[in-house]
Amino acid sequence: FGLSGTTSEAAARLPFALAMIAGLLTLYQLGRVLFGPQVAFVAAVLLCLNGFFVAFGRIVQYQAFVFLFSTLAVLAAWRTRSGLLARRHLAATVVLLAVALLAHYDALFALPPVLYAWWRRWRDRPEARRGDGKVVAAAGAAAALLLAAFYGALMAHPYFREATLPYLFDVRLAGPGGAREVLHNALGTSRALATFYNSTYFMALLAVALLAFLARSLVRSRPGPAGRAMAAALIVAGSLLVARPEAWSLGGVNLALPVLVLGLGGVLAGRAPTVQERLCLAWFAVGFVAYATLVSSPRTHFHVAFPAWSLLGAVALVQGLGGLGSQRARRAAALALTGFLVVS
């Protein structure tokens, strides 16, 4: 459009639709290398039924490219942990993150799993740190030039100061009526938006699967009454944060942030989560907590949490089906889950 001055609906929409499909295939591949084909398949099914991602695959907006290139960056970062092409994947990770950031700053929420994967590599292979550092520095310099070419011009433009900054601070970050509150609980309004884009049943399934994964991790990390009590408290607190968001204010300070940090931090600090699960938790937790507690009006930006959420939910569903006693019971449960998703 910029070169020719003309476009059509098909020409405008097609790149975004293809990016969303490519992102879905990338998520499947990431799930496959992390958890195996069963979890990958269930995660891909969950995400392709997610109304946010159905919508973002049909409109001419940035989310499809954030999803595609962020997921590619996480996959490339995971592949740096071993293999002959590790340093090529290091460079690819940096470039992919930079391209994702050209679409939107939401791509920053892919940085925690990337850094975690790199940290695991450097912890296991300390001799690789020096050479890896040179690769990251070289790719980072190229990425910085790429980003500066766009963001420098953007921030220098008068529209950025006159319209974009007031919008970000006064509409998105500020509390009701423009109050500059630091902490919020946006889960109530996000629930309403999520059940506009999705079936309520579908969102309930995602929420139950996530809570089941977190609770199971706590119980496995701390066997006995203490672990079960912590898991029960996490389930109750997580449910009430969504169902009764107004009940978490004390003296004008919203307690959603410390509750979420305590709950998710307790899972991450436990012994049970595998390296793969920690990677997905880091990907999910930072974006989810930031938009739930630090932004008054996150709107559809919650989409950054759903790729990792789908993977974690798929882990819980596959483990739950695998834990059933007989093959007949597993088949019946899988059939019931399929029917549930059709209804959703």
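Scroll up for the structure.
Residues numbered from 1 in each chain as written. Predicted model: local features only at pLDDT ≥ 70, side-chain atom pairs only at ≥ 80, totals over all residues. Heavy atoms only, no water.

S.K.: Help me out: how do you make sense of the packing of helix α9 (residues 187-197) against helix α11 (residues 225-243) in this one?
M.R.: Any two packed helices are characterised by the angle at which their axes cross and by the distance between the axes. Orientation of α9 relative to α11, taken along the N-to-C sense of each, is 75°, at an axis distance of 7 Å. Classified by the interaxial angle, the pair formed by α9 and α11 is roughly perpendicular. Residues L187, G188 and R191 of α9 lie in contact with α11, whose contacting residues are L241, V242 and A243. Class assignment of the residues belonging to the contact of α9 with α11 gives a composition of four nonpolar, one polar and one charged. (Axes fitted to C-alpha atoms, helices over the stretch in contact; angles between N-to-C directions. Helix = DSSP H or I, 4+ residues; strand = E, 2+ residues; numbered from the N terminus. Parallel < 35°, antiparallel > 145°, perpendicular 65-115°, else oblique. Contact = heavy atoms within 4.5 Å. Nonpolar A, V, L, I, M, F, W, Y, C, P; charged D, E, K, R; others polar.)

S.K.: Explain unusual backbone geometry to me, please; I cannot follow it from the model alone.
M.R.: The phi dihedral of R299 is positive, around 55°, even though this residue is not glycine. By the element assignment, R299 lies in the loop between α13 (275-293) and α14 (306-322).

S.K.: Got a minute to help me understand the packing of aromatic side chains in this structure?
M.R.: Given two aromatic rings, one states the distance between the centres and the angle between the planes to describe the pair. Scanning the model with the defined rule gives 20 aromatic pairs in all. Ring centres 6.4 Å apart and planes at 70° place the aromatic pair Y201 and F340 in the edge-to-face group. A residue pair is termed long-range when its members are at least 10 positions apart, and Y201 in helix α10 (residues 200-221) and F340 in helix α15 (residues 327-343) qualify at 139 residues. F340 sits in the partly exposed class, given a relative accessible area of 31%. Ring geometry for Y291 against F302: centres 6.5 Å apart, planes inclined by 55°, an arrangement best described as tilted. With Y291 in helix α13 and F302 in the loop between α13 and α14, this residue pair connects regions lying 11 residues apart in the sequence. The pair Y291 / F302 is uniform in exposure class, with both members buried. Geometry around W78 places R81 over its ring, the cationic atom sitting 4.7 Å from the centre. (Phe/Tyr/Trp six-rings, centres within 6.5 Å; stacked < 30°, edge-to-face > 60°. Buried < 20%, exposed > 50% of the residue type's maximum accessible area, 1.4 Å probe, protein only. Lys NZ or Arg CZ within 6 Å of the ring centre and 35° of its normal.)

S.K.: Can you help me understand the environment of R125 in this one?
M.R.: With respect to the helices and strands, R125 occurs in the loop between α6 (111-124) and α7 (129-156). Considering only alpha carbons, one finds R125 and R81, 44 residues apart in sequence, at a separation of 8.8 Å. Among all residues touching R125, those that are not within four sequence positions of it are R81 and S82.

S.K.: Explanation requested: the nonpolar core in the structure shown.
M.R.: Membership of the largest hydrophobic core comes to 92 residues, with the highest contact counts inside it found for L46, L214, F284, F288, F306 and W309. At 12 residues, α13 tops the list of elements feeding residues into this core. (Core = buried A, V, L, I, M, F, W, Y, C linked by side-chain atoms within 4.5 Å.)

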